[in-house]
Amino acid sequence: MEEQGALLRARKSLYRLYFKGLVIEETTVTLAGFGVAICGDKDDLVFDMKGPIHDPSITVLEAELIALKCGLKEAVSMQIKDISICCDDDQIFELVMGRSTPEQESIALLMRDVQGIRKYLRSSIPVMLTRNHDNFAYEFAIEAILEMPVPPAQKENCSICMKDDINADQMFHVAKCGHMFCSDCVRSHIEARLSTRYKLRCPGIRCKSPLTYGHCVNILTPELKEKWEKMINEDLIPVTDRVYCPNPRCSALMSVADFSGLMGVRRSCVKCGKPFCINCKVPWHINLSCRQYKRLHPNPTENDGKLRDLANEERWRQCRKCQHMIERSSGCPSMICRCGHNFCYHCGGDAGLCYHGHDFSPPRLRNPTRIRSPTRMRFFFGCF
């Protein structure tokens, strides 16, 4: 009877094991640590322990199980026989209860160690903590991480500006190809590409990996964001369907589809609300038909005249299909406009039907030879 009473008193004086593993991901480094607290039945602290975890690929679940493993080992070394395992996470509680099977090998190995240590205890009952019950080990885990020495930031090299002392958090990684450059150089590259309306690609030599707006938005200035968003909206509209507001203070881009179903030629800008003629591409001519307006205004406007003079001086060409002005920057005379029209930059004639050396085919042939690859060009959004 006395032995049974002693055993009953021992089982009543249970200990409680609190454990916590934490992982904090900084910009350039991952910090991890654990804390352990063993308390009496009245939550009086009997033992505490904390320590760092030196593993850059550690997960939170692995850190939690490492803390539990260390706490159980200490309980056994203290010759504690009965202890409650206080869990504050449902997944860990299910694993310790044996109602969940770990899928990852690392988790399975840690759980094997945990269950092996529990065999040295007379009882180790998992208990799920309520929200208003503090985990005493949390503060020890925090302290373990704060006491860890932070390694110096790794320096990187940019192959564009050739600087070799750039912090890793100031580097930009191209998502598809993995090429890495400093954010300043990538930002300048994007600015140049947007100004010439070339395709936005990786700055790497001969690399054609695309740059996407979503991946680059964090390094863009507000001005570059506006330009890129404008280009995205323009590219969604076919060239032949684009309509620009003639109000010089607006110039908003619209689509012919925005006015589908409307009768007549009078339209209103979707941005500034000013009325204009969609046929003449000018502010609305009150009480005048399009034919009457063109008869009264046979000459181009002042701005159109300046554009024509500049085009003649710089030897630009105007696409006969969509009327956009084009400047050739390099390549052969064969031009392919964004609207798909092929023409000769020297004479303006249809490609393949002139004598300027770009796969000339005599006019009698019905199917002229295909021209070579498109020439680089710049577009000027004006027509006359």
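Remember, predicted model here, so these are calculated numbers, not experimental data.

What counts, and at which threshold
- Throughout this description, residue numbers start from 1 for each chain and increase along the sequence as written.
- Since the coordinates come from a predicted model, pLDDT governs what is reported: local features require at least 70, and pairs of side-chain atoms require 80 or more to be given and counted, while whole-chain, interface and lining totals use all residues.
- Hydrogens and water molecules were not included; the side-chain quantities draw on all heavy atoms of the structure.
- The helix count covers DSSP runs of H or I at least four residues long, the strand count covers runs of E at least two residues long, and both are numbered beginning at the N terminus.
- Should any heavy atoms of two residues lie within 4.5 Å, those residues are considered in contact.
- Only the protein chains shown count as covering a residue, and every accessible area follows the Shrake-Rupley method with a 1.4 Å probe.
- Strands are treated as partners if at least two bridges between them are detected by DSSP.
- By definition here, a salt bridge exists when the distance from a side-chain nitrogen of Lys or Arg to a carboxyl oxygen of Asp or Glu is within 4 Å.
- Residue burial is assigned from relative accessible area. The probe radius is 1.4 Å, only protein chains are included, and a residue is buried under 20% of its type maximum, exposed over 50%, and partly exposed in between.
- Under the rule applied, a polar contact is a pair of N or O atoms within 3.5 Å (in protein, one hydrogen donor and one hydrogen acceptor; residues adjacent in sequence only if both atoms are side-chain atoms).

> Is there a simple way to explain the overall build of the protein in this structure?
A tally of helices and strands in the protein yields ten helices and 19 strands. Of all intrachain contacts in the protein linking residues separated by at least 6 positions in sequence, the fraction that spans at least 24 positions is 53%. Total accessible area computed for the protein in this model is approximately 24000 Å², and 50% of it derives from carbon and sulfur atoms.

> Looking at this structure, I do not really get the sheet that holds strand S12 (residues 266–268). What am I missing?
Hydrogen bonding along the main chain pairs the strands of a sheet, whether they run parallel or antiparallel. Strands sit in the order S12-S13-S14 across an open sheet of three strands; the sheet is antiparallel. Every other strand in the sheet has two partners, leaving S12 and strand S14 (282–283) as the edge strands with one partner each. Inspection of the sheet shows S12 paired to strand S13 (residues 275–277) by three bridges, in the antiparallel sense. Residue pairing for S13: Arg 266 is matched across the bridge by Cys 277.

> Can you walk me through the pattern of salt bridges in this structure?
Where charged atoms from two side chains of opposite charge come close, those side chains can pair. This structure, assessed with the given rule, holds ten salt bridges. We note a salt bridge from Arg 187 to Asp 184, for which the minimum N-O separation is 2.8 Å. Here Arg 187 pairs with Asp 184, and both are found in helix H6 (residues 183–196), just three residues apart, close to one helical turn. With relative accessibility at 24%, the residue Arg 187 sits in the partly exposed group. Across the pair Lys 227 and Glu 223 runs a salt bridge whose closest N-O atoms are separated by 3.8 Å. Pair noted here: Lys 227 and Glu 223 are both in helix H8 (residues 222–235), with a separation of four residues, about one helical turn. Assessed through its relative accessible area of 37%, Lys 227 is described here as partly exposed. Judged by relative accessible area, Glu 223 falls into the exposed class, the value being 52%. By sharing partners, the salt bridges in this structure join Lys 20, Glu 64 and Asp 88 into a single network.

> Any chance you could explain the side chain of Asp 82 here in plain terms?
Mapped onto the elements, Asp 82 comes out in strand S4 (residues 82–87). On the accessibility criterion, Asp 82 (4% relative accessible area) is buried. Within polar-contact distance, the side chain of Asp 82 engages the side chain of Ser 123 at 2.6 Å.

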